[in-house]
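Each chain, letter by letter, is given below.
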Amino acid sequence: MGNSKSGALSKELLEDLKSNTKYSEAELCTWYQCFLKECPGGKISKEQFEGIYASFFPNADPSAYARHVFRSFDTNADGTLDFKEYIVALHLTSGGKTLQKLEWAFALYDVDGNGTISKNEIQEIVKSIFNMIPVEDQKSLPEDEDTPEKRSEKIWDFFGKKDNDKIAEGEFIQGVMDNKDILRLIQYDEPQKIKDKLKEKRQ
């Protein structure tokens, strides 16, 4: 991104982000200034990204989940997020159209990037989600999903898979669209304070 250090967004990038996210031109310019202030080099590292998540979850451990989220948005696999990848990440994790959001969810669960999801990959992401739920809150979860193992089993059973089977992207998206309960099980809804913090930054 040639303009990453210039302090101004290129017209092409601005148009691209306006048409692909819910943000307005004014919001994107504000986000860009914040981004450059935190990352003067125009790139955000995995460690910085984990640090942002850690500040949102003082009573839990979001590091594993943050690593998976980072991986799913580092589209060119260079170990950093540029402004475009960062904004797309914000858009999809805090809003986004359902289909886009599910394509991202598939990328999140496809840990090894081979185009399918295994039972182990479901368990790995669900475990990282549980690390972000304070222990007290875990106690109030329904009994059949109050541990990572039970929740993973519930998701896997819904897709009617045997232990060694795989889930393809189309099947994953269709299954989740057909069943709102599964959507709830596969995602982590950010607590209100993340939404407040995002709002605060936009002003």
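Reading the values: rules and limits
- Residues numbered from 1 in each chain as written.
- Predicted model: local features only at pLDDT ≥ 70, side-chain atom pairs only at ≥ 80, totals over all residues.
- Heavy atoms only, no water.
- Buried < 20%, exposed > 50% of the residue type's maximum accessible area, 1.4 Å probe, protein only.
- Helix = DSSP H or I, 4+ residues; strand = E, 2+ residues; numbered from the N terminus.
- Contact = heavy atoms within 4.5 Å.
- pLDDT = per-residue confidence, 0-100.
- Expected span 1.5 Å × (residues − 1).
- Arc of directions from axis to C-beta.
- Salt bridge = Lys/Arg side-chain N within 4 Å of Asp/Glu carboxyl O.

**Points about helix α4 (residues 63-73)**
Within α4, eight of the 11 residues are buried, which leaves it mostly tucked inside the rest of the structure. Those residues of α4 lying buried are Ala64, Tyr65, Ala66, His68, Val69, Phe70, Ser72 and Phe73. Where α4 is buried, its residues meet β1 (43-45), α3 (46-56), β2 (80-82), α5 (83-94), α6 (98-109) and α7 (119-130).

**A look at the environment of Ser63**
Mapped onto the elements, Ser63 comes out in helix α4. The class for Ser63 is partly exposed, based on a relative accessible area of 23%. Measuring from C-alpha to C-alpha, the distance between Ser63 and Met132 comes to 8.7 Å, with 69 residues separating the pair along the chain.

**Some remarks on the confidence of the model for the protein**
Taken over all residues, the pLDDT of the protein has a mean of 84, while the share at 70 or more is 88%. The low-confidence segment residues 1-6, where pLDDT is below 50, has 14 contacts with residues more than four positions distant or belonging to other chains.

**Regarding unusual backbone geometry**
With a phi close to 50 degrees, Ala77 is a non-glycine residue in the positive phi region. With respect to the element layout, Ala77 can be found in the loop between α4 and β2. Overall, Ala77 belongs to the exposed group, its relative accessible area being 66%.

**Brief notes about helix α2 (residues 25-38)**
Here α2 is 14 residues long and its end C-alpha atoms lie 20 Å apart, about the 20 Å a rise of 1.5 Å per residue gives. Listed in full, the buried residues belonging to α2 are Leu28, Trp31, Tyr32, Phe35 and Leu36. For α2, the angular spread of buried residues about the axis comes to 135 degrees, placing them on one side. For α2, exposure combined with an orientation more than 90 degrees from the buried face picks out Ala26 and Lys37.

**Some points on the side chain of Lys119**
Residue position: Lys119 is located in helix α7. Since its relative accessible area comes to 10%, Lys119 is described here as buried. When residues no more than four places from it in sequence are discounted, the contact partners of Lys119 are Glu153, Trp156 and Asp163.

**Regarding the pattern of salt bridges**
By the definition in use, this model includes 14 salt bridges. The shortest N-O distance in the salt bridge between Lys18 and Glu15 comes to 3.5 Å. One end of the pair, Lys18, and the other, Glu15, are both in helix α1 (residues 11-20), three residues apart, so they sit about a helical turn from each other. We classify Glu15 as partly exposed; its relative accessible area is 43%.

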